[in-house]
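Each chain is listed here by its residues.
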Amino acid sequence: MRFWNKWPYWLRGGVIGGGVAIIFYLLLYSCFFFANIGLEPGEVGFTYSCLVFAVISPIYPVAWLLSFLEPVFNYHWTFAGAYAPILSIPIWFVISTLIGAIVDHIKSKKKNTQ
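Residues numbered from 1 in each chain as written. Predicted model: local features only at pLDDT ≥ 70, side-chain atom pairs only at ≥ 80, totals over all residues. Heavy atoms only, no water.

Draft legend 1. Spatial organisation of the overall build of the protein. A tally of regular secondary structure across the protein gives five helices and zero strands. Reading the helices (α) and strands (β) of the protein from amino to carboxyl end gives α-α-α-α-α. Its C-alpha atoms give the protein a radius of gyration of 19 Å, clearly above 13 Å, the size a compact globule of 114 residues would have. Counting all 114 residues of the protein, 24% fall into the buried class. (Helix = DSSP H or I, 4+ residues; strand = E, 2+ residues; numbered from the N terminus. Rg over C-alpha atoms; globule rule 2.2 N^0.38 Å. Buried < 20%, exposed > 50% of the residue type's maximum accessible area, 1.4 Å probe, protein only.)

Now the structure itself:
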């Protein structure tokens with residue numbers, strides 16, 4: 001992966017942040033899929049055990065933010081639960097991009113002073 005070193009820091013940060021969000025998104029929905037195999041309608045089974053992927057992942061802060069902003073935008077609470085995993089990917093990409101840009105700015109300042 002020699003090309004990784006040639007990428008700017010903002011892009012590296014965005015790929016890492018978005019990649020982690022995508023991984024947890026896939027873990028969460030694949031767990032829901034496999035936990036529901038063979039269940040009759042209305043049965044829960046091990047579905048609640050899949051929520052651990054939502055709580056320890058970057059999805060949780062996005063879901064919390066969406067539920068906090070619920071009265072402002074006047075939408076139902078299921079919006080936060082349904083769209084938080086999807087919205088977490090671009091939100092964490094942007095946050096990680098900003099962190100990468102700050103790191104790049106700090107490193108360029110150190111390089112200029114030497």
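Draft legend 2. View of the nonpolar core. The biggest cluster of nonpolar side chains holds 10 residues, and these are Leu-28, Cys-31, Phe-32, Ala-35, Cys-50, Ala-54, Ile-59, Val-62, Leu-66 and Ala-84. When residues of this core are assigned to their parent elements, the largest contribution, four residues, is made by helix α1 (residues 9–35). Ignoring anything within four residues of it in the chain, the contact list for Ala-35 reads Phe-46, Thr-47 and Cys-50. (Core = buried A, V, L, I, M, F, W, Y, C linked by side-chain atoms within 4.5 Å. Contact = heavy atoms within 4.5 Å.)

Draft legend 3. Representation of helix α3 (residues 59–68) within the structure. Of all the residues in α3, the buried ones are Ile-59, Val-62 and Leu-66. Each buried residue of α3 sits inside an arc of 70° when the element is viewed along its axis, so together they form one side. With respect to the buried face of α3, the exposed residues turned more than 90 degrees away are Trp-64 and Phe-68. (Arc of directions from axis to C-beta.)

Draft legend 4. The confidence of the model for the protein, seen in detail. Per-residue confidence for the protein gives a mean pLDDT of 84; residues scoring 70 or more make up 92%. α1 holds the highest mean pLDDT among the elements of the protein, 90, whereas helix α4 (residues 70–73) holds the lowest, 73. (pLDDT = per-residue confidence, 0-100.)

Draft legend 5. Representation of the environment of Phe-33. Topologically, Phe-33 is positioned in helix α1. Looking at Phe-33, the relative accessible area reads 53%, which means it is exposed. Distance in space between the C-alpha atoms of Phe-33 and Gly-45 is 12 Å, their sequence separation being 12 residues.

Draft legend 6. Seen up close, the packing of aromatic side chains. All chains considered together, the criterion is met by six aromatic pairs. Pairing Phe-3 with Trp-7 gives two aromatic rings, centres 5.5 Å apart and planes at 55°, and the pair type is tilted. The class for Phe-3 is partly exposed, based on a relative accessible area of 44%. Ring-pair connections join several aromatic residues into one group, and the members of that group are Phe-3, Trp-4 and Trp-7. (Phe/Tyr/Trp six-rings, centres within 6.5 Å; stacked < 30°, edge-to-face > 60°.)

Draft legend 7. Local environment of the side chain of Ser-57. When you line up the elements, Ser-57 lands in the loop between α2 (51–55) and α3. In this structure the side chain of Ser-57 is engaged in a polar contact, spanning 3.2 Å, whose partner is the backbone oxygen of Ala-54. (Polar contact = N/O pair within 3.5 Å; in protein donor to acceptor, adjacent residues only side chain to side chain.)

Draft legend 8. A look at the state of the cysteines. Within this structure, the stated rule accounts for one disulfide. Note on cysteine connectivity: Cys-31 is disulfide-linked to Cys-50, with sulfurs 2.1 Å apart. Sign of the S-S torsion, about -80° for the bond between Cys-31 and Cys-50, identifies this disulfide as left-handed. Taken as a pair, Cys-31 in helix α1 and Cys-50 in the loop between α1 and α2 lie far apart in primary sequence, 19 residues in all. Using a relative accessible area of 0% as the deciding quantity, one classes Cys-50 as buried. (Disulfide = S-S within 2.5 Å.)

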